[in-house]
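Structural overview for review
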Amino acid sequence: MIVAAQREMTAREWGLLALLSLLWGGSYLFVGVGVREIPPLTLVTLRVGLAAAMLWAAAPILGIALPRGPRAIAALAALGFGNNAIPFGLIAWAQTHLPSGLASILTASTPLFSLLAGHVLTKEEKLSGLKLAGAAAGLAGVAWLVGPDLLTGAGTSLWAELAVLAAALSYALSAIFARRIGSLGLNPIDVAAGQSAAATLILAPLPLIVDQPWTLPVPSEGAIASVLGIAAFSTALAFVVYFRILAGAGATNVLLVTLLTPVTAVVLGALLLDERLLARQFLGFALIAIGLAFIDGRLPRALFGARNNPNPASDDSRLPMGQKSR
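Being a predicted model, the structure only gives us computed values, none of them experimental.

1. Considerations on unusual backbone geometry
Here Q212, not a glycine, exhibits a phi torsion of approximately 45°, which is positive. Residue placement: Q212 occurs in the loop between α10 (205-210) and α11 (221-249). With a phi angle near 55°, D274 is a residue other than glycine that sits in the positive phi range. Tracing the backbone through its elements, the reader meets D274 in the loop between α13 (257-272) and α14 (279-296).

Written out as structure tokens, the structure reads:
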């Protein structure tokens, strides 16, 4: 799979990045509305199932191809499990107890976990000084967010926060795995459609057993609209936009969406769900954002003229396919 090296983004690519932050930030709004009436397992299964159906229906336009060979199918199944089924389910359950904005801020820790996991699990993705400083700042932000609840034993809210962090870790591990399947001949859009279909097959039996959706009240129009919105916009369309930016501007540039998505989610939650976050939660996000900026390299280059990576194209070659801050 060929990915563009990092470069300055065009105005059109900045516009696509803003659109992507809206799509992924909106996913927390859609989930926040949906889980009020639809159980998390059912909601997540509908999300990936409808998104997969939409992507495959558009296959002639998008150029999606069926996976060839058992190795490709197994890789997509693993991504469907670790990159869709597990994190989507954990975040949806967590949002039955957490504001959507806080869930999005905690999910923004995904690149931090990816960096640390890459250092431990791979030979080529070791921490540099600047990245280590960024990881330390980001993890301090996570600790600041969760720490008070951990110390006071704040019950369900604590478990919900830990569930979102577990989802972020699942995204990170899936990203490391995804970087190593380029030899299987899978294009990015093939991965998007394939992992959504695999996640649907993995999840489908669970709501039938656990939720028994035919016994539940018929959801309101708002809940149904949230399901359609998260499938069509925050999953199917978001993947298309994500990979369009990736192909043109590279993985390092598209990672900037990690900084923008929580802002979008917090604003939407405040305007439409009447959610309010605590001052310490905004401070936690600020620490995470500073950490991500140091990992990305733009902030130290702007402040000190330093280069976080002398060969940014090398980072782009290790593409986090399908990785989302959603």
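After presenting the structure, the write-up continues.
2. Details of the packing of aromatic side chains
For the structure on display, the rule yields three aromatic pairs. Both rings, one in W24 and one in Y242, keep their centres 5.5 Å apart while their planes meet at 45°; by these two values the pair is tilted. Note that W24 is positioned in helix α1 (residues 11-34) and Y242 in helix α11, a separation of 218 residues in sequence. W24 gets classed as buried once you look at its relative accessible area, which sits at 1%. We classify Y242 as buried; its relative accessible area is 3%. Three or more aromatic residues joined by ring pairs form one cluster here, namely W24, F239, Y242 and F243. Its guanidinium or amino end placed over the ring of F88, R47 lies 3.8 Å from that ring's centre, counting from NZ or CZ.

Thresholds applied
Residues numbered from 1 in each chain as written. Predicted model: local features only at pLDDT ≥ 70, side-chain atom pairs only at ≥ 80, totals over all residues. Heavy atoms only, no water. Helix = DSSP H or I, 4+ residues; strand = E, 2+ residues; numbered from the N terminus. Phe/Tyr/Trp six-rings, centres within 6.5 Å; stacked < 30°, edge-to-face > 60°. Buried < 20%, exposed > 50% of the residue type's maximum accessible area, 1.4 Å probe, protein only. Lys NZ or Arg CZ within 6 Å of the ring centre and 35° of its normal.

Everything listed here is a matter of geometry and, on its own, says nothing about what the molecule does.
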